[in-house]
Amino acid sequence: MTLFNPKGDIGMQEKNLILLALGLMLLVVVPVILLTLYFAWRYRASNTSATYAPKWAHSTRIEVIVWAIPCVIVIILALVIWRTSHSLDPSRAIESQVKPVRVEVVALNWKWLFIYPDYGVASVNELAIPVGTPVDFELTAESLMNSFFIPRLGSQVYAMAGMRTQLHLIADAPGTYRGESAAFSGEGFSDMHFDTKAMSSADFDAWVRKARQAPQAMDAARYRSVSQPGTHVVPTAYASVEPDLFDDVVGRFMRQPGAADICKPPVIAQATTSPRKE
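A. Layout of the packing of aromatic side chains. Here the structure, examined in full by the defined rule, presents 14 aromatic pairs. Between the aromatic rings of phenylalanine 137 and phenylalanine 148, the centroid separation amounts to 5.3 Å while the plane-to-plane angle is 50°, which identifies the pairing as tilted. Here the residue phenylalanine 137 occupies a position in strand β5 (residues 135-141), and phenylalanine 148 occupies one in strand β6 (residues 146-150), the gap between them amounting to eleven residues. Phenylalanine 148 shares its class with phenylalanine 137; the two are buried. Over the face of the ring belonging to tyrosine 43 we find arginine 42, whose NZ or CZ atom lies 5.6 Å from the ring centre.

B. Focus on the nonpolar core. Counting residues in each nonpolar core, the largest one holds 37 residues, and the members touching the most others are Val103, Phe114, Tyr116, Leu127, Phe137 and Phe148. Setting aside residues up to four positions removed in sequence, valine 103 forms contacts with Phe114, Ile115, Tyr116, Leu127, Val135, Asp136, Phe137 and Glu138. In this structure, Val124, Val226, Leu245 and Phe246 belong to the second largest nonpolar core, which totals 14 residues.

C. The arrangement of the sheet that holds strand β2 (residues 111-116) in detail. Across the sheet, six strands lie side by side as β8-β5-β1-β2-β3-β11; this open sheet has mixed pairing. What marks the edges here is a single partner per strand, and that holds for β8 (165-169) and β11 (236-238). Each neighbouring strand pair of the sheet contributes to a mean axis angle of 20°, computed without reference to strand direction. Across the face of the sheet, helix α3 (residues 201-212) comes into contact with β1 (101-108), β2, β3 (121-124) and β11 while running at roughly 90° to β3.

D. Examining the confidence of the model for the chain more closely. Of the residues in the chain, 91% have a pLDDT of 70 or more, and the chain-wide mean is 87. Within the model, pLDDT remains below 50 along residues 269-278, and this stretch shows eight contacts once partners closer than five positions in the same chain are excluded.

E. Local environment of the environment of glutamate 95. Note that glutamate 95 resides in the loop between α2 (60-87) and β1. Taking the relative accessible area as the measure of exposure, glutamate 95 reaches 74% and is therefore exposed.

F. Summary view of the pattern of salt bridges. Scanning all chains against the criterion turns up six salt bridges. One salt bridge connects glutamate 126 with lysine 197, and the closest N-O pair in it is separated by 3.0 Å. With a gap of 71 residues between them, glutamate 126 in strand β4 (residues 126-130) and lysine 197 in strand β10 (residues 193-199) connect regions that are remote in the sequence. For the salt bridge of glutamate 180 with arginine 178, the shortest nitrogen-to-oxygen distance reads 3.2 Å. With a relative accessible area of 22%, glutamate 180 lands in the partly exposed category.

What counts and how
- Residues numbered from 1 in each chain as written.
- Predicted model: local features only at pLDDT ≥ 70, side-chain atom pairs only at ≥ 80, totals over all residues.
- Heavy atoms only, no water.
- Phe/Tyr/Trp six-rings, centres within 6.5 Å; stacked < 30°, edge-to-face > 60°.
- Helix = DSSP H or I, 4+ residues; strand = E, 2+ residues; numbered from the N terminus.
- Buried < 20%, exposed > 50% of the residue type's maximum accessible area, 1.4 Å probe, protein only.
- Lys NZ or Arg CZ within 6 Å of the ring centre and 35° of its normal.
- Core = buried A, V, L, I, M, F, W, Y, C linked by side-chain atoms within 4.5 Å.
- Contact = heavy atoms within 4.5 Å.
- Pairing = 2+ DSSP bridges.
- Axes fitted to C-alpha atoms, helices over the stretch in contact; angles between N-to-C directions.
- pLDDT = per-residue confidence, 0-100.
- Salt bridge = Lys/Arg side-chain N within 4 Å of Asp/Glu carboxyl O.

Take a look at the structure:
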């Protein structure tokens, strides 16, 4: 039921789309169920007043009704799907007079890393966004594919290793909204959730200032530590971020110039600990 209580424009549009599609389909389902029950009662064997026409085979009026109504509904649904497939495309930017906030998202096992490239800070398992401001997400994954989803704000999109996916959302009301992985990704899947804190612009600026005072920085060594599989991770802020960290995570599966191997781990992915035993 969370989907029917959205707190953002994208979520509201998707709620309306769900209700519209449901209503159009019920225009067929409900009459069919009611007519089935009516026919079973009206033409029961004990009802001698019902018309008995064993040789009846065709009615133009009935044919027109049973074909025209579904065809009209299918045409309406097709037009709606065509329009919303473009207007609700996750990669389509939200039109606004306010400059969007950029957030780079890395799906780890089993936690979420959020990088704010324009502010030079990062956080794990806590996403802070200003109300009324579009948020432009770029997403990737350290290893396993995950589905990034904040139900009350709208669309979900997959984060995949070696790829960049985009998502644009906006929060219209302050509050704390649950974010989660919507795709099973292993033993720690149930703990892979985070709080999305939608706040005023002033509160968001205060959050950034507080993050810049954090005792830790998201450098290469810290990323190697954080990217190790783990659950029950406490939300943590980082005062600074390794330059091009997100690009390095995406590029770990890209062919390096002059390299013989197709997949060459980047420097940040070279663990200093002994290999994990299976």
